[in-house]
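# Structural overview for review
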Amino acid sequence: MKLHLSSKNKMLGGVCAGIAETIGVDPSFVRIGFFIAGLFLHMALVIIYIAMWALLPRE
């Protein structure tokens, strides 16, 4: 399965849910990981998230 935006389990853009579906884990774990990474990476993670939201195909 390729990386995509999720349309089933999305909260904001579907990025975290799409990553979770691709690697086969619960979306909550990916969201928590993004939150923890955001504590350290701040604006860089926001830019990465927005870029993924804009570039990844819909499910």
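Residues numbered from 1 in each chain as written. Predicted model: local features only at pLDDT ≥ 70, side-chain atom pairs only at ≥ 80, totals over all residues. Heavy atoms only, no water.

## A closer look at the overall build of the protein chain
Looking only at helices and strands, the protein chain features three helices and zero strands. Element order for the protein chain, N to C, with α for helix and β for strand: α-α-α. Over its C-alpha atoms the protein chain spans a radius of gyration of 11 Å, differing by no more than 12% from the 10 Å that the globule rule assigns to 59 residues. For the protein chain, the spread of C-alpha atoms along the three principal axes comes to 30 × 20 × 20 Å. (Helix = DSSP H or I, 4+ residues; strand = E, 2+ residues; numbered from the N terminus. Rg over C-alpha atoms; globule rule 2.2 N^0.38 Å.)

## Things to note about helix H1 (residues 15-23)
Turning to H1, its buried residues are Val15, Cys16, Ala17, Gly18, Ile19 and Ala20. Just downstream of H1, Gly24 is the residue with a positive phi angle, here 80°. (Buried < 20%, exposed > 50% of the residue type's maximum accessible area, 1.4 Å probe, protein only.)

## Side note on the packing of H1 against helix H3 (residues 43-55)
When two helices pack together, their arrangement is given by the angle between the helix axes and the distance between those axes. The geometry of H1 relative to H3 is characterised by a closest axis approach of 10 Å and an angle of 75° between their N-to-C directions. With respect to H3, the axis of H1 lies roughly perpendicular. Across the interface between the two elements, Val15, Cys16 and Ile19 of H1 pack against Tyr49, Met52 and Trp53 of H3. The residue inventory of the contact of H1 with H3, partitioned by class, reads six nonpolar, no polar and no charged. (Axes fitted to C-alpha atoms, helices over the stretch in contact; angles between N-to-C directions. Parallel < 35°, antiparallel > 145°, perpendicular 65-115°, else oblique. Contact = heavy atoms within 4.5 Å. Nonpolar A, V, L, I, M, F, W, Y, C, P; charged D, E, K, R; others polar.)

## What about the pattern of salt bridges?
All chains considered together, the criterion is met by one salt bridge. Taking the shortest distance from any N to any O, the salt bridge between Lys8 and Glu59 comes out at 3.6 Å. In this pair, Lys8 sits in the segment before H1 while Glu59 sits in the segment after H3, placing the two residues 51 residues apart along the sequence. Since its relative accessible area comes to 65%, Lys8 is described here as exposed. By relative accessible area, Glu59 is classed as partly exposed at 44%. (Salt bridge = Lys/Arg side-chain N within 4 Å of Asp/Glu carboxyl O.)

## Examining H3
What sets the pattern is the α-helix's 3.6 residues per turn: residues three or four places apart point alike. With 13 residues, H3 extends 18 Å between its outermost C-alpha atoms, agreeing within 8% with the 18 Å of an ideal straight helix rising 1.5 Å per residue. Against the buried residues of H3 lie H1 and helix H2 (27-41). (Expected span 1.5 Å × (residues − 1).)

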